[in-house]
Amino acid sequence: MIEPGQPAPPATLESLQGARISLESLRGDGKAIVLFVEAECPTSRLALRRLQAVSASLERGGVKLVAIHQDPPDVAAHTMRSCEADFAALSETEPYSTSAAFSVRTVPTAFLIGADGRVETVIEGWSRDAFADIAAGAAAVAKDDVDRLLDPAAKPAFKPGCASKNTLSAELLASTRAAEASFDEFEDLFERGWTDGLPVVPPTRSRVARMLGDYRSDVSLGIVPPGTGELTLERLAVCAVLAGCHPSYFPVVKAAAEAVLDPAFNLHGVTNTTHSCGPVLIVNGPVRGRIAMNAGMNCLGGWNRANATIGRAIRLLSGLTGRGTPGLLDRSTMGQPGKIGFCFAENEEVSPWESLASARGFAQGSSVVTAYAGDGPLTISDHYSRDPEQVVRTIALGGSVAFSPHFYPLVTETVFVVCPEHVSMFAEAGWSKRDVAERIVEGSRRRVADLRTGDQGPFTASLDDDAELTKWLSADEIVLVVAGGRAGRFTMLLAPWVGFGLGSQMTSRVIDEV
Amino acid sequence: MEEYISPFDDRSLERRALAPRLESLSGKRVTLLSIRKPKTAEFLAELGEILAQQHGALVSYDEKPTFTRPAPPQVIERLRAGADAVIEALAD
């Protein structure tokens with residue numbers, strides 16, 4: 001083995017990002033601790049984990065810490081991450097000539113190389129005190145600091161290592177290759193926690209660049225609550241890649257991100273709340289056709305890439321960049337399947353009415369995305385009624401359970417996704433959106449006595465039994481969107497989060513034409 | 001392997017030190033912050049009484065405008081200036 005006093009052998013190896021880097025260039029004019037490690041060796045992992053704590057102090061003291069992994073770069077990167085180590089790391093593969101040049105017998109082995117390029121100290125295996133001596137001596141780290149960073153009481157203080165790969169027979173090496181081959185990039189992304197529980201697409205630099213297209217990566221869209229991560233277009237593109245978006249969806253994802261970051265939408269509260277709501281995205285305009293969104297059969301039920309992945313990208317944005325992960329900053333009691341992602345297009349082609357975007361004041365022909373904090377859908381079936389007055393009463397009855405059956409009035413916008421068969425009955429009767437909305441409000445009228453279930457909120461408690469309330473204060477609060485397949489009489493309630501101006505307001509943004 | 005780009009903003013992970021723990025609540029100003037959920041008043045009154053009678057705390061009450069949004073800076077500043085300890089107390 002290379003002994004103290006001997007010159008360190010020169011070495012050029014692959015970085016974990018794929019660049020060729022020499023050990024000498026990493027060391028520069030200073031000292032370096034070169035630590036040979038291997039993924040399957042528990043002592044190597046112990047050394048990586050514990051030296052991470054002291055790496056910044058070593059660096060400040062002019063000692064560069066460099067791990068040389070006897071593994072391919074992807075395995076080495078995984079080892080570093082799983083040990084929560086982020087100091088410099090290089091990868092060495094067969095025939096392990098650098099390890100052989102250093103005559104490494106076991107991993108971990110650490111060589112302290114002086115500014116003159118000579119080896120000063122060699123540590124085989126893990127020895128807390130030996131590393132503490134290096135930190136205190138070579139890097140002039142104060143003893144208090146060393147004791148704080150490398151706890152003298154932490155067990156084990158000593159641990160022998162494993163056989164170094166350059167010493168293994170061909171047969172034993174073959175068995176380590178099987179372990180290397182078991183690395184799975186999708187499992188790796190689960191381990192990183194970059195997922196909502198479903199597989200995600202690895203956000204490689206080239207995929208993210210394709211997602212961005214002509215957009216500049218460093219443009220900021222603001223801060224994503226609740227965890228206050230800054231949303232650059234690059235991070236948004238990462239979320240879109242992870243979610244499985246095609247690059248042609250990115251303008252929609254960008255406009256949707258802008259909509260949910262509008263303070264009126266209150267993404268902080270939508271994410272934090274114990275309620276089950278999540279961002280619901282409704283798309284209007286020509287972009288629907290360009291990216292083949294589904295506004296027809298099963299439009300709320302997945303199996304369309306654009307619908308499924310645009311909604312998911314926005315949820316990953318609040319969950320990852322905004323750190324709104326369930327159990328931490330997402331405090332939802334139940335959640336609901338729409339919180340994985342909820343995006344659909346309005347079926348403007350079958351609708352007799354102005355689109356949601358037009359109703360919200362956007363120019364005909366522009367593509368617009370609208371964000372709404374909505375609960376999971378509730379189906380309101382009415383296949384029997386042949387009179388539109390009857391259908392609208394059924395819809396009102398269904399809608400009156402929004403938030404809670406006894407919670408009157410809501411005092412907030414409520415979305416109904418009206419199916420083509422129901423809307424055609426309204427069209428035949430010559431009813432505008434407003435006509436239907438007014439009938440829904442009226443159809444929700446109840447005697448206060450009928451709303452007295454359990455302990456009362458402040459609204460019904462102060463009223464007489466015979467007083468009457470409607471679920472909504474006016475037709476302005478009824479938001480009708482037409483979507484769904486042509487057959488079947490099912491209108492959907494997307495109930496809102498809390499009202500009275502406390503919760504969330506719908507927000508819309510124009511989608512860039514690219 | 002091609003490098004991955006992270007969806008996280010590492011700056012948002014910066015850890016802040018906790019305030020030093022109070023040795024005792026006796027004689028200390030403890031503010032109970034209502035987030036304005038239903039029935040908060042009853043809950044906080046009960047809690048305040050326990051803190052005052054059993055632990056000798058000087059209890060005061062404050063509130064933020066709504067449970068659905070973060071407390072505005074002026075509320076945080078008021079709490080910082082006027083209390084040795086704050087309990088953000090939920091209800092429901």
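Since the model is a prediction, treat every value here as computed from it, not as a measurement.

(A) Region of interest: the overall build of chain B. Per the secondary structure count, chain B includes two helices and three strands. Taken from N to C terminus, the helices and strands of chain B fall in the order β-α-β-α-β. Within chain B, residue pairs in contact and separated by at least 24 positions form 78% of the contacts whose partners lie at least 6 positions apart.

(B) View of the overall build of chain A. Helix and strand counts for chain A stand at 20 helices and 22 strands. The C-alpha radius of gyration computed for chain A amounts to 31 Å, which surpasses the reference 24 Å derived for 514 residues by more than 25%, pointing to a less compact arrangement than a globule. C-alpha atoms of chain A, sized along the principal axes, occupy 95 × 50 × 40 Å. Per-residue burial for chain A yields a buried fraction of 49% across its 514 residues. Restricting to contacts in chain A with at least 6 residues of sequence separation, those with at least 24 account for 78%.

(C) Region of the structure containing the nonpolar core. All names here are of chain A. Judged by nonpolar contacts, the single largest core of 94 residues is most densely connected at Ala240, Val252, Val253, Ala256, Leu281 and Ile310. Excluding anything up to four places from it in sequence, Ile310 contacts Cys245, Tyr249, Val252, Val253, Ala256, Leu281 and Cys343. In terms of nonpolar packing, the next biggest core, distinct from the first, is built from 52 residues, Cys41, Ala85, Ala89 and Leu112 among them.

(D) Inspection of the environment of Arg29 of chain B at higher detail. Residues and elements named next belong to chain B. Here Arg29 lies in strand S1 (residues 29–34). Separated by 56 residues in the primary sequence, Arg29 and Ala85 have C-alpha atoms spaced 6.5 Å apart. Ignoring any residue separated from it by four or fewer positions in sequence, one finds Arg29 in contact with Leu58, Ser60, Gly82, Ala83 and Asp84.

(E) Representation of the environment of Leu47 of chain B. Residue and element names in this part refer to chain B. With respect to the element layout, Leu47 can be found in helix H1 (residues 40–55). By the C-beta count within 10 Å, which is 15 here, Leu47 ends up partly exposed. Considering only alpha carbons, one finds Leu47 and Val59, 12 residues apart in sequence, at a separation of 9.6 Å.

(F) Focus on the interface of chain A and chain B. Each side of the interface is counted separately: chain A has 32 residues, and chain B has 15 residues. Looking at the side of chain A that touches chain B, the elements with two or more residues in it are helix H3 (73–82), helix H9 (205–212), strand S13 (229–232), helix H10 (233–243), helix H12 (267–272) and helix H14 (305–321) of chain A. Residues belonging to the side of chain A that touches chain B are distributed by class as follows: 13 nonpolar, 13 polar and six charged.

(G) Spotlight on the packing of helix H11 (residues 250–261) of chain A against H14 of chain A. All names here are of chain A. Taken N-terminus to C-terminus, the directions of H11 and H14 make an angle of 45°; their axes are 10 Å apart at the nearest point. Compared by their axis directions, H11 and H14 come out oblique. The interaxial crossing formed by H11 with H14 has right-handed handedness. Contacts between H11 and H14 involve Val252, Val253, Ala256, Ala257 and Val260 from the former and Ile310, Ala313, Ile314 and Leu317 from the latter.

(H) Fine view of the sheet that holds strand S8 (residues 119–124) of chain A. Residue and element names in this part refer to chain A. One open sheet holds the seven strands; their spatial order is S2-S1-S5-S4-S3-S7-S8, and the pairing between them is mixed. The two strands at the open ends of the sheet, each matched to only one other strand, are strand S2 (20–22) and S8. Between one strand axis and the next, the sheet turns by 35° as a mean value, whatever way the strands run. In terms of strand pairing, strand S3 (residues 31–37) meets strand S7 (residues 109–113) through five bridges, oriented antiparallel. Within S7, the position partnered with Phe36 by the bridge is Thr109. Lying over the sheet, helix H2 (residues 42–60) contacts S3 and strand S4 (63–69), oriented at roughly 155° with respect to S4. The sheet strands contacting H3 are strand S1 (12–15), S4 and strand S5 (88–91), and the helix crosses S5 at an angle near 150°.

(I) The arrangement of the packing of helix H16 (residues 388–399) of chain A against helix H18 (residues 433–443) of chain A in detail. All names here are of chain A. At a minimum axis distance of 8 Å, the contact between H16 and H18 shows a crossing angle of 60°. One element, H16, and the other, H18, form an angle in the oblique class. As H16 runs across H18, the sense of the crossing is right-handed. Residues Val392, Arg393, Ile395, Ala396, Leu397 and Gly399 of H16 form the contact with H18, whose own contacting residues are Val436, Arg439, Ile440 and Gly443. Taken together, the residues of the contact of H16 with H18 break down into six nonpolar, two polar and two charged.

(J) Layout of H16 of chain A. All names here are of chain A. Look at H16: 16 Å from first C-alpha to last across 12 residues, which is about the 16 Å you get at 1.5 Å a residue. Listed as buried for H16 are Pro388, Val391, Val392, Ile395, Ala396, Gly398 and Gly399. Along H16, the residues classed as buried sweep out an arc of 160° about the axis, all on the same side. Tucked into the core, H16 has its buried residues touching strand S16 (368–381), strand S17 (414–418), helix H17 (420–428), H18 and strand S21 (490–496).

(K) Focus on the pairing of S13 of chain A. Residues and elements named next belong to chain A. Residues Gly229 and Leu231 line the buried face of S13, whereas the alternating positions Glu230 and Thr232 sit on a face that is not buried. Summarising the sheet, strand S12 (residues 220–224) and S13 pair through three bridges and their orientation is antiparallel. Each bridged residue has a counterpart across the sheet, and for Ile223 the counterpart in S13 is Glu230. In textbook terms, the turn of a hairpin is the stretch between consecutive antiparallel strands, and for S12 and S13 this stretch comprises four residues, one of which, Thr228, has a positive phi near 60°.

(L) Summary view of unusual backbone geometry. All names here are of chain A. With an omega dihedral of 0°, the bond running from Pro225 to Pro226 counts as a cis peptide bond. Following the sequence through the fold, Pro226 ends up in the loop between S12 and S13. In this model, Tyr408 is joined to Pro409 through a cis peptide bond whose omega is -15°. Relative to the helices and strands, Pro409 is located in the loop between H16 and S17. Phi at Ala292 takes a positive value of approximately 55°, unusual for a residue other than glycine. Here Ala292 shows up in the loop between helix H13 (287–290) and H14. Look at Ala292 and you get partly exposed, because 13 C-beta atoms sit within 10 Å.

(M) Spotlight on H17 of chain A. Residues and elements named next belong to chain A. Here H17 has its buried residues at Pro420, His422, Val423 and Phe426. Along the long axis of H17, the arc covered by the buried residues comes to 160°, so they all point the same way. Turning to H17, the residues buried within the fold contact H16, S17, H18, strand S20 (478–482) and S21. Gly430, located one to two residues past H17, shows a positive phi value of around 75°.

So, how was this worked out
- Residues numbered from 1 in each chain as written.
- Chains lettered and ligands numbered in written order.
- Predicted model: local features only at pLDDT ≥ 70, side-chain atom pairs only at ≥ 80, totals over all residues.
- Helix = DSSP H or I, 4+ residues; strand = E, 2+ residues; numbered from the N terminus.
- Contact = placed C-beta atoms within 7 Å.
- Rg over C-alpha atoms; globule rule 2.2 N^0.38 Å.
- Buried ≥ 20, exposed ≤ 12 C-beta atoms within 10 Å, placed from the backbone.
- Core = buried A, V, L, I, M, F, W, Y, C linked by C-beta atoms within 7 Å.
- Nonpolar A, V, L, I, M, F, W, Y, C, P; charged D, E, K, R; others polar.
- Axes fitted to C-alpha atoms, helices over the stretch in contact; angles between N-to-C directions.
- Parallel < 35°, antiparallel > 145°, perpendicular 65-115°, else oblique.
- Left-handed = near helix turned anticlockwise from the far one by under 90°.
- Pairing = 2+ DSSP bridges.
- Expected span 1.5 Å × (residues − 1).
- Arc of directions from axis to C-beta.

Just geometry here; none of it tells us what the structure is for.
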